[in-house]
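A structural walkthrough
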Amino acid sequence: NYRIIGDSCMDLTEEQRKDPHFTLIPFTLMVEDTKFVDDKILTRGILKDRKGSPECPKTACPSPETFKEAYCCEEENVFVITISSHLSGCYNSAVLA
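**Some details on the nonpolar core**
Grouped together as the largest cluster of nonpolar side chains are seven residues: Ile5, Ile25, Phe27, Phe67, Ala70, Cys90 and Ala94. Mapped by element, the contributors of at least two residues to this core are α3 (64-71) and α4 (90-96). Those residues in contact with Ile25, other than ones at most four positions away along the chain, are Ile5, Gly6, Asp7, Ser8, Pro62, Thr66, Phe67 and Ala70.

So this is what it looks like as structure tokens:
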């Protein structure tokens, strides 16, 4: 009776991705005016098309609300794994939620 919630930096096997015990919360990447969600659909090819952009790509961590929604589940035991708080605000979003 558990749920493991992680940000999209968490590496999962294909089997784990199908397992309902795992939930991934995606980061967002912004290149110029285009927003990409870091999910299983995002590929390097999509980003490679933007390689020549004069602007530096930006990332955004998930909001506390996104984590809060993931916490509202049937499982009693919820574990959260995020990228280091020294690299991203994702950990803080998870804690605030």
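What follows picks up the thread again.
**A word on the packing of aromatic side chains**
On inspection of all chains with the given rule, the structure shows one aromatic pair. Relative to Tyr71, the ring of Phe67 lies with its centre 6.3 Å away and its plane at 45°, an arrangement referred to as tilted. In this pair, Phe67 and Tyr71 are both assigned in helix α3, four residues apart and thus about one turn of the helix distant.

**Points about the pattern of salt bridges**
Here the structure, examined in full by the defined rule, presents one salt bridge. In this structure, Arg3 and Glu75 form a salt bridge, with 3.1 Å as the shortest nitrogen-oxygen distance. In this pair, Arg3 is assigned in strand β1 (residues 2-7) and Glu75 in the loop between α3 and β6 (77-81), connecting sequence segments 72 residues apart. Arg3 sits in the buried class, given a relative accessible area of 16%.

Definitions and limits used
Residues numbered from 1 in each chain as written. Predicted model: local features only at pLDDT ≥ 70, side-chain atom pairs only at ≥ 80, totals over all residues. Heavy atoms only, no water. Core = buried A, V, L, I, M, F, W, Y, C linked by side-chain atoms within 4.5 Å. Buried < 20%, exposed > 50% of the residue type's maximum accessible area, 1.4 Å probe, protein only. Helix = DSSP H or I, 4+ residues; strand = E, 2+ residues; numbered from the N terminus. Contact = heavy atoms within 4.5 Å. Phe/Tyr/Trp six-rings, centres within 6.5 Å; stacked < 30°, edge-to-face > 60°. Salt bridge = Lys/Arg side-chain N within 4 Å of Asp/Glu carboxyl O.

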